[in-house]
Amino acid sequence: MTGRAGSLRAAAAAAGGPRWGPGAFRARFDFGGRDVASWFPGHMAKGLRQMRGSLRRADCLVEVHDARIPLSGRNPMLQEALGIRPHVLVLNKMDLADPRQQLKVLEQLKQQGCSHVVFADCQRDSNVKKIVPLVAKLVSSSPRYDRAENAEYNIMVIGVPNVGKSSLINSLRRLHLRKGKATAVGGEPGVTKAVLTRIQVCETPLMYLVDTPGVLPPKLGDVEMGMKLALCGAIRDHLVGEDIMADYLLYTLNRQQQFGYVQHYGLPEASDDIGHVLKHVALILGKTQKVKVLTGTGNVNVTMLNYSAAAYEFLRAFRAGRLGRVTLD
């Protein structure tokens, strides 16, 4: 990096701050007595009721979850609603997760009774082609009860917010029907607000998918699980707070020896102090804000580093995979 950004980096490196060697990182994270109850919107109960009403018309449930949190945050109420129907777990955004963790994740999920798992990247259609044959095989080998005479397959897509349910449907349509988007996709939770009409995704076998709103567990006793969901975008940032999220992300990266952030931001070395890291990020990227200061001679506008903007950038870089491929669980 050259020019102004390069001089900023040099200034940041010279700014000092704590230096940390191996083993000097925090062993645990202080959540400061936070309560996760305020993080969950009330409309999700309505979504779950709607889904239960549509369940009797479903032959199979495809649960989409974020590959970076394969064990955290899956809604137990959704799993209870699965009943006796076939169930496929699609761990989306595998391009952002640590590939070295896949075998361990599969083994842990198998112990939980989840034996049909597909790692996928719905943006690039990676591994998505495995889903329709797997669903067709599971449905054909399972009792369909009142739908036994129906030749078409109805698949309900479920999961917590912002894990890529709509992206999966659009990916399947691209692969099997050569058609474009059928459902809205967004980078933040809550884009799909209601259970939608059926969307065809395959001709042979004739298969329809129903997109559903993201539904979080109604109660999370574990603040750490809530923080992981927030880092992956399943809970809106402002409900949790970008500052605490950035600090928890730094704690997790250091604990896992994932030091991609050091190289990405040109830090002299890894640090366990979020204030030091965000100061460096703000200097490098020129994140500043004008603050009015009252002095003896009147108001003076002072330019200061914008730590909130730096925290937001730190989170965005993680979500885009720029800090490396990380599995939070």
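What you are looking at is a predicted structure, and each value in this text was computed from that prediction instead of being measured.

As a rule of thumb, soluble globular proteins bury nonpolar side chains together. One finds Val135, Leu168, Met207, Tyr261, Phe314 and Leu323 to be the most contacted residues of the largest nonpolar core, which totals 68 residues. If you tally residues by element for this core, the top one is helix H9 (residues 242-255), at eight residues. When residues of this core are assigned to domains, at least three map to each of domain 1 (42-211) and domain 2 (241-320). Every residue in contact with Leu168, bar those within four places of it in the chain, is listed here: Val62, Val64, Val90, Cys122, Val128 and Ile131. Of all hydrophobic cores here, the second largest spans ten residues; its members include Leu91, Leu109, Val117 and Phe119.

Further remarks concern the packing of helix H11 (residues 274-285) against helix H12 (residues 307-319). It is at 8 Å that the axes of H11 and H12 come closest, and there the two elements cross at 90 degrees. The orientation of H11 with respect to H12, classified from their angle, is roughly perpendicular. Where H11 abuts H12, its residues Ile274, Gly275, Leu278, Lys279, Val281, Ala282 and Leu285 lie against Tyr307, Ala310, Ala311, Glu313 and Phe314. Counted by class, the contact of H11 with H12 contains nine nonpolar, one polar and two charged residues.

Attention now moves to the sheet that holds strand S6 (residues 207-210). Sheet strands pair via backbone hydrogen bonds, and the direction of the pair is either parallel or antiparallel. With mixed pairing, the six strands of this open sheet are ordered in space as S3-S2-S1-S4-S6-S5. Looking at strand neighbours, the two that pair on one side only are strand S3 (117-119) and strand S5 (199-202), the edges of this open sheet. Strand-to-strand twist of the sheet, defined as the mean angle between neighbouring strand axes without regard to direction, takes the value 30 degrees. Contacts between helix H4 (residues 102-111) and the sheet are confined to strand S2 (87-92) and S3, with S3 contributing the most and set at about 160 degrees to the helix. Seen against the sheet, helix H6 (residues 165-177) touches strand S1 (60-66), S2, strand S4 (153-158), S5 and S6 and runs at an angle of roughly 50 degrees to S5.

UniProt records the feature "binding site: GTP" (unreviewed entry) at Asn92, Lys93, Met94, Asp95, Asn162, Val163, Gly164, Lys165, Ser166, Ser167 and Gly214, using the numbering of this structure. With respect to the helices and strands, Ser167 occurs in helix H6. What makes Ser167 buried here is its relative accessible area of 9%. By the element assignment, Gly214 lies in the loop between S6 and helix H7 (223-231). Judged by relative accessible area, Gly214 falls into the buried class, the value being 12%.

The two faces of a sheet get side chains in turn, since along a regular strand they alternate between them. Every second residue of S6 is oriented toward a common face, with Met207 and Leu209 on one face and Tyr208 and Val210 on the other, all of them buried. Note: S4 against S6, four bridges, orientation parallel. When the sheet's bridge partners are listed, Ile155 is paired in S6 with Leu209. Strand direction decides the pairing type here: S5 and S6, joined by three bridges, are antiparallel. Across the sheet, residue Gln200 finds its bridge partner in S6, namely Tyr208. Here S5 hands over to S6 after four residues, the two strands then running antiparallel side by side.

Rules of the game
- Residues numbered from 1 in each chain as written.
- Predicted model: local features only at pLDDT ≥ 70, side-chain atom pairs only at ≥ 80, totals over all residues.
- Heavy atoms only, no water.
- Core = buried A, V, L, I, M, F, W, Y, C linked by side-chain atoms within 4.5 Å.
- Buried < 20%, exposed > 50% of the residue type's maximum accessible area, 1.4 Å probe, protein only.
- Helix = DSSP H or I, 4+ residues; strand = E, 2+ residues; numbered from the N terminus.
- Domains from an automatic or database assignment.
- Contact = heavy atoms within 4.5 Å.
- Axes fitted to C-alpha atoms, helices over the stretch in contact; angles between N-to-C directions.
- Parallel < 35°, antiparallel > 145°, perpendicular 65-115°, else oblique.
- Nonpolar A, V, L, I, M, F, W, Y, C, P; charged D, E, K, R; others polar.
- Pairing = 2+ DSSP bridges.
- UniProt positions renumbered as here; feature names shortened; annotations may be inferred.

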